[in-house]
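Per-entry structural report
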Amino acid sequence: MSILFLTEQLQNIENAKRENRQRVANIVLESPKLFKDLITITFQVKDKTSIRAAWVLEWICTYHELDWMAPHLDDFSEKIAELTFDSAIRPCAKICEHLAEAYFSKNENRIQKKLTDLHVEKIVATGFDWLITPQKIAVRAYSMNTLYLFGLINYWIHPELKHLIETKIIHESKGTKARGKHILNLIEKHQKSRL
């Protein structure tokens with residue numbers, strides 16, 4: 001199977017329904033060499049097929065094989081800032097959250113071994129960009145959580161995130177306000193635990 005076959009399958013996805021994402025995910029899961037191609041297509045940012053690739057990539061990372069991202073962290077962390085379609089940013093923001101959760105997981109995994117300080121730095125920079133630019137609620141929610149987690153090891157992140165939530169995010173929609181308050185509570189608890 002080739003990248004052309006995968007592209008064709010992605011173009012045949014009508015919408016983001018579970019069964020559509022799972023159908024193409026199954027093709028990739030049966031032929032793992034296509035995973036790299038899926039990432040390549042995700043970052044063809046001027047092509048709308050990239051949106052469908054991002055849906056499937058997130059589906060695989062959420063429900064099947066997040067560890068498959070380990071060899072591709074250079075590419076992923078380097079290129080997420082280039083995404084332009086809202087519908088591709090949301091799934092990639094979710095993948096960033098998964099990477100942060102895996103990094104801090106009590107269960108040993110490949111992400112912990114492969115995620116470098118440089119990867120974290122790029123994910124954090126993009127997360128802050130997504131918080132200060134107009135984005136959907138889900139992107140903001142995933143980004144706040146990702147930044148909170150990486151703030152556990154990079155102490156400068158929490159004060160910046162707190163300031164952004166209190167001055168900007170708390171004044172947006174009900175959804176971002178609720179998530180913002182939740183993150184502020186987590187930051188406060190963490191600060192108290194360090195005293």
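Now for a description of the structure that goes with this document. The model shown is predicted, which means the values in this text are computed figures rather than measured ones.

With respect to helix 3 (residues 34–42)
Because an α-helix completes one turn every 3.6 residues, residues spaced three or four positions apart along the sequence face the same direction. Counting buried positions along helix 3 gives seven out of nine residues, so the element sits mostly inside the fold. Looking at helix 3, one finds that the buried residues are Leu34, Phe35, Asp37, Leu38, Ile39, Ile41 and Thr42. Contacts made by the buried residues of helix 3 are with helix 1 (3–11), helix 2 (18–30), helix 4 (49–63) and helix 6 (86–103).

Side note on the nonpolar core
With 65 residues, the main nonpolar core has Met69 and Leu161 as its most contacted residues. Ignoring any residue separated from it by four or fewer positions in sequence, one finds Leu161 in contact with Phe128, Leu131, Met144, Leu147, Tyr148, Ile183 and Ile187.

Some thoughts on the packing of aromatic side chains
Think of a pair of aromatic rings as described by two things: how far the centres are apart, and how the planes are tilted against each other in angle. Across all of its chains, the model carries seven aromatic pairs by this definition. Each member of the aromatic cluster is reached from another via a ring pair, and the members are Tyr103, Phe104 and Phe150. For Arg18, the ring lying beneath its charged end belongs to Tyr63, and the centroid distance is 5.8 Å.

What to know about the pattern of salt bridges
The tally for this structure, following the rule as stated, stands at nine salt bridges. Between Arg90 and Glu58 there is a salt bridge, with the nearest N and O atoms lying 2.9 Å from each other. Placement of Arg90 in helix 6 and of Glu58 in helix 4 is noted, with a sequence separation of 32 residues between them. A network of salt bridges, in which partner residues are shared, links Arg140, Lys168 and Glu172.

Cut-off values and rules
- Residues numbered from 1 in each chain as written.
- Predicted model: local features only at pLDDT ≥ 70, side-chain atom pairs only at ≥ 80, totals over all residues.
- Heavy atoms only, no water.
- Buried < 20%, exposed > 50% of the residue type's maximum accessible area, 1.4 Å probe, protein only.
- Helix = DSSP H or I, 4+ residues; strand = E, 2+ residues; numbered from the N terminus.
- Contact = heavy atoms within 4.5 Å.
- Core = buried A, V, L, I, M, F, W, Y, C linked by side-chain atoms within 4.5 Å.
- Phe/Tyr/Trp six-rings, centres within 6.5 Å; stacked < 30°, edge-to-face > 60°.
- Lys NZ or Arg CZ within 6 Å of the ring centre and 35° of its normal.
- Salt bridge = Lys/Arg side-chain N within 4 Å of Asp/Glu carboxyl O.

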